[in-house]
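A structural walkthrough
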Amino acid sequence: MSDILILLVEDNPTDTVCIKKYLQEKPTSRFDLKEAVNLRSALSLMTHYDFDVVLLDLDLPDASGMDTARRVIAGYPEPAVIVLSDPENEATALQAVRYGAEDYLTKPSLSPAMLHKSITYAIGRKKVIQEKYEILSDLVLALEKIEHLESALPICAGCKKIYHEGGKCWMSIEKFVHRQPTCGSDTPICSDCQAEFDSNS
């Protein structure tokens, strides 16, 4: 299994040492860790690396609170973001999750098991969201193609029949498609529809 590339954005040396130790306590998982102590260096690293996960402290020397979360999530939507929060900033951490972070962890209650579970969950959740986005994008594209087809073909606004120039008549979409030269014998069609088409031909 390939390494999980993680960016740890944390300016507290004690918290950094603790998190690095926790990441090493599960030998079955392989992590490649990069570190940043402020938002500027974090964004620079995110420009050069395709991170799987970002462990993000919201209170940094050059950014704080939701401003930190927005600049990371909006600027680099690909990696899964896990917010690292102090108990007094839990409301902000929850707001960051609503904005697009996958999870948040409070530092005092952090444990190796919790950290590893959150990373696994965040990567899985991000993958599902991306898949849903891709399906939605495909659907939007399909609808655009349908709208383009409707504008290109003489379709009745009421009954949706298509005017066939060759036959000088209005016919159903099914019958129109059936009569096109591109629809050869390999086009799948049920016996009932075939009988109906044959009787109307």
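Above this text is the structure in question.
Let me begin by describing the structure that accompanies this report.

Here is what the cut-offs are and how they apply
- Residues numbered from 1 in each chain as written.
- Predicted model: local features only at pLDDT ≥ 70, side-chain atom pairs only at ≥ 80, totals over all residues.
- Heavy atoms only, no water.
- Core = buried A, V, L, I, M, F, W, Y, C linked by side-chain atoms within 4.5 Å.
- Buried < 20%, exposed > 50% of the residue type's maximum accessible area, 1.4 Å probe, protein only.
- Helix = DSSP H or I, 4+ residues; strand = E, 2+ residues; numbered from the N terminus.
- Contact = heavy atoms within 4.5 Å.
- Phe/Tyr/Trp six-rings, centres within 6.5 Å; stacked < 30°, edge-to-face > 60°.
- Lys NZ or Arg CZ within 6 Å of the ring centre and 35° of its normal.
- Pairing = 2+ DSSP bridges.
- Right-handed = clockwise from strand over helix to strand, strands pointing away.

So, about the nonpolar core. One recurring pattern in soluble globular proteins: nonpolar side chains tend to sit buried together. One finds Leu-7, Val-81 and Val-83 to be the most contacted residues of the largest nonpolar core, which totals 25 residues. If you list the elements that add at least two residues to this core, you get strand E1 (4-9), helix H2 (39-48), strand E3 (53-57), helix H3 (66-75), strand E4 (80-85) and helix H4 (90-99). It is H2 that provides the largest number of residues to this core, a total of five residues. If near-sequence neighbours (up to four positions away) are discounted, Val-81 is found in contact with Val-54, Leu-56, Val-72, Ile-73, Ala-101, Glu-102 and Asp-103. With 17 residues, the next largest nonpolar core counts Ile-4, Val-53, Leu-55 and Leu-105 among its residues.

In this section: the packing of aromatic side chains. A complete count under the given rule lists one aromatic pair for this structure. Over the face of the ring belonging to Tyr-99 we find Arg-70, whose NZ or CZ atom lies 5.9 Å from the ring centre.

Within a regular beta strand, the side chains point alternately toward one face of the sheet and then the other, so they alternate between its two faces. Most of E3 sits out of view: five of its five residues are buried. Alternating residues of E3 divide into Val-53, Leu-55 and Asp-57 and Val-54 and Leu-56, and every residue in both groups is buried. Where E1 meets E3, four bridges bridge the pair, whose relative direction is parallel. Counted as the bridge partner of Ile-6 is Val-53 from E3. Of the pairings in the sheet, the one linking E3 to E4 comprises five bridges and is parallel in character. Each bridged residue has a counterpart across the sheet, and for Asp-57 the counterpart in E4 is Leu-84. Note on the crossover from E3 through H3 to E4: the handedness is right-handed.

Keep in mind that these numbers describe shape and distance, not what the molecule does.
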